[in-house]
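# Notes for the structure review
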Amino acid sequence: MIFQNHSLRQTAQDALLCSADGRAEEMGLLLPRLQAIANRIWNSPRYALCLLVAATLLYVMGCALEGCLIMALVVAFMLLFCAELMAVLLPFLLFCLLTTDFYNDLGRLLVYWPVLAGAVAAFVIHLFLYRAPLRRGAFTAPLLAVSAATLLGGLGSITAADYFSPVSLYYTLGLGLGMLGVYTVVRAQLSRARGYDVLQRFLNLLYYAGLFAGVAVFKVYIVNVRAFLQDFAVLYMSYRNFCTTILLMAMPAACMPRADGRWRWGGLIFLYSAMIMSGSRSGLIFGTVELAACLGWLYHKAEPELKPNLYRLGQLAAIPVVLFVYYTVQVLFSSRVAQELHGAFIPVNDSRFTFFMQGLRDFASNPLFGIGLGNLSNEHIFIGVHGSIVWYHNMVAQILGSMGLVGVAAYGWHYLIRLKILLTRRSAQLPLAALSCAGMVLMSMTNPGEFCPLPNGLLMVALFAILETLPRRERPLGSLRRRKRGKVH
């Protein structure tokens, strides 16, 4: 009987071990299957379109918060099972853009903190599962300098309460060490060989994000169509400058041909129209300049036999189009100019002039370190959304006033390296990427722009990390060296 009981116990233990081994084997097979599914999704030509359609439907139906949660889950899934970090770029951007539906009450997201925490945890796991060797790049040292400038900003003038406030720490750490971390991770990931053009894929994802930014603009008019039809004036939206920033970065990407070789004329017109209808003066001015550059690029890329006809068409259409846009803009902005801007499109007492002069005064008060990014001493002249610092609405004033000469040296070095990258790399899409960067820089001259770490700062850092890996030109663009006459190249 004793031997029989021992035999039964041994059999039960063997059964449990076999069951555990079977589950472990199943789990071992499950991970490769999920990775294969995630890779098929990422490499599908409809990946971006499906995400755009899903986000649009949820947004239009008034389910923006639910859309944010779904995009966070997509981000977590792709981080866990796809080695390509770029696979999460579009769902992340759509997550940010979906928040425009509750732009002044972002605290609603905190109720669902487990989902957000899960996405962050998935990012950490991704770094371990798909780790790549860390490499020092062209922007490592400049971003270290920027990190030092943001941390030292306000030394000797900012109060401890302002410096260590959660909002201040978000911008101080996010613009410096945060961007350095983003660059380090992206630069390491780019060392892996790929079967596609990384810059082209990045710009394509940015294009779809721009399309959704346009949806966010036009939804206001769909919901408030009666108010718009009363005087055909642009409607107010608190997030117009955020959407305009994404639109300015995305519009050059509309100049890339589709997979079937056709041009995205409809997308280009849609993005520019959304910029006008946003009611942003920056979007109107800079968007028009960028549109002209995009049309010039499309003309340059056109077939040689089509160029004479396109040139004649441009001559015939130039004056009518300019007059149409001019009078349309006059009608659209008439109400805002009369009510908000005291009768002038750019009044002499515009708040941006006030902010710029305040930035110079703050620089003069502490030339070496400025007054700090989180300093609230100017909040009496600034009204912003909840969770933002006091902006000067100008990149130059922001650097001078917040970080002083230390910031000027750090950001000057950073932007010189960016310019060097643009002049020494070659790619069919490089001019479009340069236009996209120019859009962000222009927006940063009248709005926070790149000084918002997420997603604006992240986009610029990731884009230049990609540009850095492009092949070098044989001769830098703009080089003063001239080719010798008669020499065959």
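Owing to the predicted nature of the structure, the values given are computational and were not obtained by experimental measurement.

### Focus: helix 16 (residues 395-424)
With 30 residues, helix 16 should cover 44 Å at 1.5 Å per step; its first-to-last C-alpha distance of 25 Å lies more than 12% under that length. Capping the start of helix 16 is the job of one residue whose side-chain oxygen sits 3.0 Å from the backbone nitrogen of valine 396: asparagine 394.

### Let's talk about the nonpolar core
If you look at the biggest cluster of nonpolar residues, it comprises 116 residues, and the most contacted ones within it are Trp42, Phe202, Phe212, Tyr221 and Leu467. In terms of residue count, helix 9 (residues 198-223) provides more of this core than any other element does, 17 residues in total. Residues in contact with phenylalanine 202, not counting those within four places in the same chain, are Met86, Leu89, Leu459, Ala462, Leu463 and Ile466. Formed by 13 residues, the second largest nonpolar core is a distinct cluster that contains Leu175, Ile389, Met403 and Ala410.

### A few points about helix 4 (residues 89-98)
Note: α-helices contain 3.6 residues per turn, so residues at a spacing of three or four share the same orientation. Counting buried positions along helix 4 gives nine out of 10 residues, so the element sits mostly inside the fold. By the burial criterion, the buried members of helix 4 are Leu89, Leu90, Pro91, Leu93, Leu94, Phe95, Cys96, Leu97 and Leu98. On its buried face, helix 4 is in contact with helix 2 (47-60), helix 3 (64-81), helix 5 (113-129), helix 9, helix 11 (240-250) and helix 18 (453-468).

### Digging into a nonpolar patch on the surface
There is a patch of nonpolar side chains on the surface, built from Tyr299, Leu306, Leu310, Tyr311 and Leu313 and spanning about 480 Å² of accessible area. In terms of residue count, the dominant contributor to the nonpolar patch is helix 14 (residues 307-339) (three residues). Turning to its location among the elements, tyrosine 299 is positioned in helix 13 (residues 281-301).

### Examining the packing of aromatic side chains
All chains considered together, the criterion is met by 15 aromatic pairs. Relative to phenylalanine 451, the ring of tyrosine 411 lies with its centre 5.6 Å away and its plane at 40 degrees, an arrangement referred to as tilted. Note that tyrosine 411 is positioned in helix 16 and phenylalanine 451 in the loop between helix 17 (430-444) and helix 18, a separation of 40 residues in sequence. Judged by relative accessible area, phenylalanine 451 falls into the buried class, the value being 3%. Grouped by ring-pair contacts, the aromatic residues Trp42, Tyr47 and Tyr196 constitute a single cluster. Over the ring of phenylalanine 102 we find arginine 108, and its NZ or CZ is 5.0 Å from the ring centre. The side chain of arginine 201 reaches across the aromatic face of tyrosine 196, ending 4.0 Å from its centre.

### Description of the side chain of serine 278
Take serine 278: it is sitting in the loop between helix 12 (265-277) and helix 13. A polar contact is formed between the side chain of serine 278 and the backbone oxygen of methionine 275, at a distance of 2.7 Å. Within the structure, the side chain of serine 278 is placed 3.3 Å from the backbone nitrogen of serine 280, a separation counted as a polar contact. Leaving out residues up to four positions away in the same chain, serine 278 has contacts with Val217, Leu235, Met237, Arg240 and Thr244.

### Notes on the environment of valine 396
By the element assignment, valine 396 lies in helix 16. Residues valine 396 and glycine 407, 11 residues apart in the sequence, show an inter-C-alpha distance of 10.0 Å.

### Considerations on unusual backbone geometry
Residues leucine 454 and proline 455 are joined by a peptide bond in cis, for which omega reads 0 degrees. You can see proline 455 is positioned in helix 18. Non-glycine residue phenylalanine 232 carries a positive phi angle of around 55 degrees. Counting through the fold element by element, phenylalanine 232 comes out in the loop between helix 10 (225-231) and helix 11. Taking relative accessible area as the criterion, phenylalanine 232 reaches 43% and is therefore assigned partly exposed. Of note in the backbone geometry, histidine 393 takes a positive phi value of approximately 60 degrees without being a glycine. With respect to the helices and strands, histidine 393 occurs in the loop between helix 15 (351-365) and helix 16. On the accessibility criterion, histidine 393 (13% relative accessible area) is buried.

### Comments concerning the environment of glycine 457
By the element assignment, glycine 457 lies in helix 18. Spatially, the C-alpha atoms of glycine 457 and glycine 178 are 9.6 Å apart, while their sequence positions differ by 279 residues. If sequence neighbours within four positions are ignored, glycine 457 has contacts with Met179, Glu450 and Cys452.

### Quick notes on the pattern of salt bridges
Scanning the entire structure with this criterion turns up four salt bridges. With a closest N to O distance of 2.8 Å, arginine 194 and glutamate 84 form a salt bridge. Residue arginine 194 is located in the loop between helix 8 (166-189) and helix 9, and its partner glutamate 84 is located in the loop between helix 3 and helix 4; the two are separated by 110 residues in the primary sequence. One salt bridge connects arginine 418 with glutamate 450, and the closest N-O pair in it is separated by 2.6 Å.

### Some points on the packing of helix 17 against helix 18
Between helix 17 and helix 18, whose axes approach to 11 Å, the crossing angle comes to 155 degrees. It follows from the interaxial angle that helix 17 and helix 18 lie roughly antiparallel. Both helix 17 and helix 18 take part in a crossing whose hand is left-handed. Taken together, the residues of helix 18 that come into contact with helix 17 (itself represented by Leu430, Ala433, Cys437, Met440 and Val441) are Asn456, Met460, Leu463, Phe464 and Leu467. Considered class by class, the residues forming the contact of helix 17 with helix 18 number nine nonpolar, one polar and no charged.

### A few points about the confidence of the model for the chain
With 86% of its residues at a pLDDT of 70 or more, the chain shows a mean pLDDT of 86. Confidence drops under a pLDDT of 50 for residues 480-489, and excluding neighbours within four residues, the segment shows four contacts in the predicted structure.

Parameters and conventions
Residues numbered from 1 in each chain as written. Predicted model: local features only at pLDDT ≥ 70, side-chain atom pairs only at ≥ 80, totals over all residues. Heavy atoms only, no water. Helix = DSSP H or I, 4+ residues; strand = E, 2+ residues; numbered from the N terminus. Expected span 1.5 Å × (residues − 1). Polar contact = N/O pair within 3.5 Å; in protein donor to acceptor, adjacent residues only side chain to side chain. Core = buried A, V, L, I, M, F, W, Y, C linked by side-chain atoms within 4.5 Å. Buried < 20%, exposed > 50% of the residue type's maximum accessible area, 1.4 Å probe, protein only. Contact = heavy atoms within 4.5 Å. Patch = residues over 30% accessible without salt bridge, like charges linked within 9 Å, V, L, I, M, F, W, Y side chains within 5 Å. Areas by Shrake-Rupley, 256 points an atom, 1.4 Å probe, with all protein chains shown as cover. Salt bridge = Lys/Arg side-chain N within 4 Å of Asp/Glu carboxyl O. Phe/Tyr/Trp six-rings, centres within 6.5 Å; stacked < 30°, edge-to-face > 60°. Lys NZ or Arg CZ within 6 Å of the ring centre and 35° of its normal. Axes fitted to C-alpha atoms, helices over the stretch in contact; angles between N-to-C directions. Parallel < 35°, antiparallel > 145°, perpendicular 65-115°, else oblique. Left-handed = near helix turned anticlockwise from the far one by under 90°. Nonpolar A, V, L, I, M, F, W, Y, C, P; charged D, E, K, R; others polar. pLDDT = per-residue confidence, 0-100.

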